[in-house]
Amino acid sequence: MLPMIVFAVGIAFYHYKQDRSDATRRVLENVRSMRLVLDSEVQRMTGSLQVLALTNSLRNDDFQSFRRIALGFLDQYGKGGLMLISDRKGRLLFSTATEDTASLPLRGNLEIVEKVFATRTPQYSDLVTGAINGRQVLTVEVPVFRNGEVIYDLCFSPPIGVFQELVEKQRPDPKWTVSLLDTKGTVFARVPNPGENFGKRASPSLYAEMFRAPEATLSSVSLDGVALASAYTRSQLTGWTVAAGVPESSLIAPLWRNIAITSLIGGILLLIGLTFAVRMATTIARGEMLHNLLIEELNHRVKNTLALMQAIAVQTFRSASRDERAKFEGRLGALAEAHNLLSQEKWAGSELRDVIARALQPFLLSNPDRIRMAGPAVPLSPRLAVVLSMIVHEIATNAAKYGALSNETGRVTLDWEVITEASKPQLRLIWTEIGGPPVTAPVRRGFGSRLIERSARDQLGGEATVDFLPRGVVCTVTCTLDDAR
């Protein structure tokens, strides 16, 4: 009997090692997905700030008019957000906290201001003490250009609660420990016990490893003294790190449970087949765990694909011009927003109005009333939602550069309807511009126009037409609707 029990315990221990390896891999996949969500949120902030940097009120030093736009932007993030504008020497020229600019102190963290002016690109800070509110904050900073030169640093300090909420939503299980850390290894969002650990340096076991490689798996001890099977990954966009771990005790407990069950079954059923009973018990236990693992991996598959696309983009556009990078990042951002919306709906489809609102959000910050949308409720399949989001983003980008959204007076009407005369219902979406600069047909079609036409034809089975009328551009997109579920 003893050799049989030892043999069964050996099998249970082998499966424990396999399950622990699977759990560690699952932790790494989750931190990669959380990094993608974090990068997507920061990219959305950056894109919105870059749109604000192009407003005429800011370019013309009309800070009074810009205040209304800035406060509208801050309303998206709730209380605690702050926006500042400083010059090259760190002198504060504008703050959403006060209209008394004469009493404003010098900017804190002058190093990042100098970097914005030197690199002419967006920058992301570590956890620092704010010069105005005295609280520890993170900042997203973009350059403001005039005649090709950087004239200001536009700084946004989002509420720390934005990142804490992100961590809490992305935490796969209440037993997990998840942390967001800046480039120096300081915690700025965490579960559990966020208040006790905010501003602390990462635990010694994690801190010693996290600067050796961009990502890795390891055994660590949390700031709460819990032994964890951990993984971390560093964002190439911000330099911040996402770390997570599952308690070692939760992995060992099934081992002891399996050993106890195996021993009991071995004693009772030794004469009628110990080996068969042990194999069935361990197979069933492992099958349930693998089933849950496959479900979670399926939920994160699209996010992992976008993370790979983002990494490829960083390498591909390293030597490209700022305009080329901005175009690609805008398209990738539109794709990510569509996928975020679908993820919220668990990939069961989404509403057309929500898809359009997500795609147009950066263009509505300065004047939400300049784009009017009208049409019935139309459920979209995930395929249609992604393609239509890209098409609307391209149309709006062209309007912001050359059309009705490129000045202060232009207006856009976006109407849609469902046509039921054909065998399958069809969607017709019409983008109409008025009040923009004089319209002239382009000599040749750009990549954006070709993307719109080919996407409508090849991916939607419809068509897209663009009419350059004297009063403004009119773009019509038609496609066949399929089952949103």
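Residues numbered from 1 in each chain as written. Predicted model: local features only at pLDDT ≥ 70, side-chain atom pairs only at ≥ 80, totals over all residues. Heavy atoms only, no water.

**Digging into the packing of helix α12 (residues 352-360) against helix α13 (residues 382-402)**
- The geometry of α12 relative to α13 is characterised by a closest axis approach of 9 Å and an angle of 40° between their N-to-C directions. Considering their axes alone, α12 and α13 lie oblique with respect to each other. Crossing of α12 over α13 shows right-handed handedness. Residue-level contacts link Leu352, Val355, Ile356, Ala359 and Leu360 of α12 to Ala385, Leu388, Ser389, Val392, His393 and Ala396 of α13.
- A per-class count over the contact of α12 with α13 returns nine nonpolar, two polar and no charged. (Axes fitted to C-alpha atoms, helices over the stretch in contact; angles between N-to-C directions. Helix = DSSP H or I, 4+ residues; strand = E, 2+ residues; numbered from the N terminus. Parallel < 35°, antiparallel > 145°, perpendicular 65-115°, else oblique. Left-handed = near helix turned anticlockwise from the far one by under 90°. Contact = heavy atoms within 4.5 Å. Nonpolar A, V, L, I, M, F, W, Y, C, P; charged D, E, K, R; others polar.)

**Considerations on the sheet that holds strand β17 (residues 426-434)**
- One open sheet accounts for five strands, arranged β14-β16-β17-β19-β18; its pairing is mixed. Edge strands, defined here as strands with exactly one partner in the open sheet, are β14 (371-374) and β18 (463-469). Adjacent strand axes in the sheet meet at a mean angle of 10° when their direction is disregarded.
- Bridge count for β17 against strand β19 (residues 472-480) is seven bridges, and the pairing is antiparallel. Within β19, the position partnered with Leu427 by the bridge is Cys479.
- Along the sheet, α13 contacts β17 and β19; its crossing angle with β17, the most-contacted strand, is approximately 15°. (Pairing = 2+ DSSP bridges.)

**A short note on the packing of aromatic side chains**
- In this structure the tally under the stated criterion is ten aromatic pairs.
- Ring centres of Tyr77 and Phe156 lie 5.2 Å apart, and the angle between their planes is 50°; this geometry places the pair in the tilted category. Taken together, the residues span a long stretch of sequence, with Tyr77 in the loop between α3 (63-74) and β1 (82-86) and Phe156 in strand β7 (residues 149-157) at a distance of 79 residues.
- By relative accessible area, which is 10% here, Tyr77 ends up buried.
- Look at Phe156 and you get buried, because its relative accessible area is 0%.
- Taken together, the ring pairs in this structure connect Phe63, Phe66, Phe94 and Tyr152 into an aromatic cluster.
- The cationic tip of Arg201 hangs over the ring face of Tyr207; the distance from NZ or CZ to the ring centre is 4.0 Å. (Phe/Tyr/Trp six-rings, centres within 6.5 Å; stacked < 30°, edge-to-face > 60°. Buried < 20%, exposed > 50% of the residue type's maximum accessible area, 1.4 Å probe, protein only. Lys NZ or Arg CZ within 6 Å of the ring centre and 35° of its normal.)

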